Amino acid sequence: MQEKLINRFLKYVQIDTMSDDTSTTFPSTKTQLEFAKMLLEECKALGLEDVSLDEYGYVMATLPSNVTYDTDIVGFIAHMDTVPDYSGKNVKPHVVKDYKGGDLILNAQTGVTLSPGQFPILNDFIGETLITTDGTTVLGGDDKAGIAEILTAIEYLINHPEIPHGTIRIGFTPDEEIGKGVDYFNVKKFNAHFAYTIDGGLVGELQCENFNAASATVSFEGISVHPGDAKGKMKNSLTIACEYQSLLPADEVPELTEGHEGFYHLHDMKGTLEHTELHYIIRDHDKTKFEARKAMMLSLADQLNQKYGKDTIQVTLKDSYFNMKEIIDQHPRVMALAEKAIQNVGVTPLHEPIRGGTDGARLSFNGLPCPNIFTGAYNYHGKYEFTVVNHMLLATKTIIELSKLVAQA
Ligand SMILES: [Zn+2]
């Protein structure tokens with residue numbers, strides 16, 4: 001199983017599937033469609049049923065039940081694309097057998113080193129087989145590890161018909177990294193009772209909590225007058241914008257928060273004396289606090305409008321996605337099964353909240369409860385990305401266990 005898993009993974013990561021957040025097509029890049037076609041053929045070759053690739057690039061397939069009684073239909077989902085903002089072209093994976101500890105030279109020419117000094121978690125992986133980059137690209141473990149694990153688990157179930165399982169649906173999605181992964185995902189066609197994205201990192205991760213997320217554009221209108229003649233006439237939108245930002249809690253920012261702590265994040269600003277815009281994202285796991293954050297942004301605008309004149313400041317809020325926990329909590333069995341499956345492969349489930357969103361969050365609100373399970377890939381979205389082969393194997397075994405457990409209950 002390990003060999004099949006590694007071979008699949010090494011093959012997948014060498015195929016460029018970067019998504020592009022400036023693209024107007026769906027999927028955002030043609031390369032993803034090429035990869036989808038390859039996965040389609042692989043599903044067919046495995047003997048899966050209902051194998052399909054739609055115009056948007058979604059690949060779906062079914063492993064039929066091998067039991068005579070009714071069971072829930074479980075889905076496993078992973079995304080095909082890699083991040084747009086770090087190269088995923090010409091990925092040259094390195095397999096490092098029996099990691100001895102200490103610095104790993106990824107690229108002798110450029111001197112890029114994967115070091116436990118910078119990433120102390122490496123100290124836990126001495127003796128493990130790692131797969132790293134050559135220091136010039138991402139690895140693409142996010143999320144090709146998930147795809148390789150799902151297909152290897154499915155192949156194992158096909159080759160071991162003595163293992164009872166219900167109907168299993170698998171889905172591979174494009175454009176997750178640009179936040180559009182489930183824009184055209186057909187939940188009805190997928191037709192599972194619940195599903196899991198295999199898109200976490202650290203071994204043991206089982207996540208059902210993500211941020212509630214919104215964006216805010218705050219615009220400021222000024223009045224331009226010659227500076228020498230400005231007293232009592234000029235209204236400087238730049239300084240009013242600075243004042244607005246200074247009224248937000250200074251310690252509730254991404255760089256000073258962790259765990260369940262939410263934030264306001266000013267990520268873009270542009271302005272002239274007459275017009276300034278501040279762009280924020282707002283994040284909080286707690287729905288009440290999330291709503292309070294949005295209300296705060298509006299009330300600060302009111303406060304400054306009283307000072308500088310009405311319509312000086314305008315706030316436009318837009319919700320992006322919500323914490324799936326409120327949905328998952330209504331389906332306790334979905335988490336209980338995953339918890340048990342992870343324990344059955346000898347791993348302690350870890351419940352760190354996701355400080356971001358997942359495709360599963362939006363799927364959960366679209367009627368498909370969908371927590372997130374680990375892949376065994378680390379340091380996502382950059383040249384220091386690597387995977388631990390044993391952890392990938394544990395993810396694969398977790399998928400097999402889950403398939404069994406769903407048929408038992
Ligand atoms: Zn991912």
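Before going into details, it helps to say that this report is about the structure given with it.

Procedures and definitions
- Residues numbered from 1 in each chain as written.
- Predicted model: local features only at pLDDT ≥ 70, side-chain atom pairs only at ≥ 80, totals over all residues.
- Heavy atoms only, no water.
- Helix = DSSP H or I, 4+ residues; strand = E, 2+ residues; numbered from the N terminus.
- Rg over C-alpha atoms; globule rule 2.2 N^0.38 Å.
- Buried < 20%, exposed > 50% of the residue type's maximum accessible area, 1.4 Å probe, protein only.
- Contact = heavy atoms within 4.5 Å.
- Lys, Arg positive; Asp, Glu negative; His and termini not counted.
- Charge placed at Lys NZ, Arg CZ, Asp CG, Glu CD.
- Core = buried A, V, L, I, M, F, W, Y, C linked by side-chain atoms within 4.5 Å.
- Pairing = 2+ DSSP bridges.
- Axes fitted to C-alpha atoms, helices over the stretch in contact; angles between N-to-C directions.
- Donors = N, O, S within 2.8 Å, 3.2 Å for Na, K, Ca; no water.
- Tetrahedral: all angles 85-135°; square planar, octahedral: opposite > 155°, others 65-115°.
- Parallel < 35°, antiparallel > 145°, perpendicular 65-115°, else oblique.
- Left-handed = near helix turned anticlockwise from the far one by under 90°.
- Polar contact = N/O pair within 3.5 Å; in protein donor to acceptor, adjacent residues only side chain to side chain.

This part covers the overall build of the chain. Helices and strands together make up the secondary structure of the chain, namely 10 helices and 17 strands. At 24 Å, the chain has a C-alpha radius of gyration in line with the 22 Å of a compact globule built from 409 residues. A burial count over the chain gives 55% of its 409 residues as buried. When contacts within the chain are restricted to residue pairs at least 6 apart in sequence, long-range pairs at least 24 apart make up 79% of them. For the chain, the distance from the average site of its 35 positive side-chain charges to the average site of its 56 negative ones is 3 Å.

Before going further, it helps to spend a moment on unusual backbone geometry. Backbone geometry follows two general trends: most residues other than glycine have a negative phi, and most peptide bonds adopt the trans configuration. Omega for the peptide link from Phe26 to Pro27 comes to -5°, which places this bond in the cis form. Considering the arrangement of structural elements, one finds Pro27 in the loop between α1 (2-13) and α2 (30-46). Note the cis peptide between Asp142 and Asp143, where omega equals 10°. As for its position among the elements, Asp143 is in helix α3 (residues 141-159).

All right, on to the nonpolar core then. Of all hydrophobic cores here, the largest spans 79 residues; its most connected members are Ile170, Phe172 and Tyr196. Element by element, the count of residues in this core is highest for helix α10 (residues 389-408), at 10 residues. Counting 19 residues, the second-largest nonpolar core is a separate cluster that includes Ala216, Val218, Ile240 and Ala241.

Our focus in this paragraph is the sheet that holds strand β7 (residues 130-132). Read across the sheet, four strands follow the order β4-β7-β17-β16 without closing on themselves; strand pairing throughout is antiparallel. Here the strands that pair on one side only, and so sit at the sheet edges, are β4 (94-96) and β16 (377-378). The pairing of β16 with strand β17 (residues 386-388) spans two bridges and is classified as antiparallel. Looking across to β17, one finds that Ala377 is bridged to Thr387. Contacts between α10 and the sheet are confined to β7, β16 and β17, with β17 contributing the most and set at about 65° to the helix.

Donor atoms from the polypeptide that coordinate the zinc ion comprise His79 (NE2), Asp142 (OD), Asp199 (OD) and Asp199 (OD), at 1.9 to 2.6 Å from the metal. Of note is the zinc ion, whose four donor atoms meet at the metal with angles of 53 to 148° in an arrangement that counts as irregular. Spacing between the donor residues of the zinc ion along their common chain follows H-x62-D-x56-D. Placement of His79 in strand β3 (residues 74-79) and of Asp199 in the loop between β9 (194-198) and β10 (206-207) is noted, with a sequence separation of 120 residues between them. Residue His79 is classed as buried on the basis of its relative accessible area, which comes to 1%. Owing to a relative accessible area of 15%, Asp199 belongs among the buried residues under this scheme.

Time to look at the sheet that holds strand β13 (residues 275-284). Strand pairing within a sheet occurs via backbone hydrogen bonds; the two strands may be parallel or antiparallel. The strand order β12-β13-β11-β14 describes an open sheet built from four strands, whose pairing is antiparallel. Edge positions in the open sheet fall to β12 (263-271) and β14 (313-321), since each of these has one partner strand only. Here the average twist between neighbouring strands, direction ignored, is 15°. With 10 bridges joining them, strand β11 (residues 212-221) and β13 adopt antiparallel strand pairing. What sits directly across from Ser215, in β13, is Ile281. In the packing of helix α5 (residues 237-247) onto the sheet, contacts are made with β11, β12, β13 and β14, and the angle to β13 comes to roughly 15°. Most of the contacts of helix α6 (residues 287-308) go to β14, to which it runs at about 165°, and overall it touches β11, β12, β13 and β14.

Time to look at the packing of α5 against α6. Following both chains from N to C, one finds α5 and α6 inclined at 140°, their axes separated by 10 Å at the closest point. Taken as axis vectors, α5 and α6 run oblique relative to one another. Here α5 runs over α6; the crossing is right-handed. Listed contacts from α6 to Ile240, Glu243, Tyr244 and Leu247 of α5 are Met297, Leu300, Ala301, Gln303, Leu304, Lys307 and Tyr308.

The next subject is the side chain of Asn305. Within the secondary structure, Asn305 sits in helix α6. In this structure Asn305 comes out as buried when scored by relative accessible area, which is 14%. Here the side chain of Asn305 touches Thr312 through a polar contact of 3.1 Å, landing on its backbone nitrogen. Of the polar contacts made by the side chain of Asn305, one reaches the backbone nitrogen of Ile313; its length is 2.8 Å.

Relative to the assigned elements, Leu46 resides in helix α2. Exposure remark for Leu46: the relative accessible area of 15% places this residue in the buried category. Placed 45 residues apart in sequence, Leu46 and Val91 show a C-alpha to C-alpha distance of 26 Å. Each residue touching Leu46, except ones within four places of it in the same chain, is listed here: Arg8, Leu151, Glu155 and Ile158.

On the secondary structure map, Glu252 appears in the loop between α5 and β12. Sequence separation between Glu252 and Arg283 is 31 residues, and the spatial gap between their C-alpha atoms is 10.0 Å. Those residues within four positions of Glu252 in sequence are excluded, and the remaining contacts are Thr257, Gly262, Phe263, Tyr264 and Arg293.

With that settled, consider the environment of Leu104. Counting through the fold element by element, Leu104 comes out in strand β5 (residues 104-107). Through-space distance from the C-alpha of Leu104 to that of Leu114 is 5.0 Å; in sequence the pair is 10 residues apart. If we ignore the near neighbours within four places in the chain, the residues touching Leu104 are Val96, Tyr99, Val112, Thr113, Leu114, Leu130 and Thr132.

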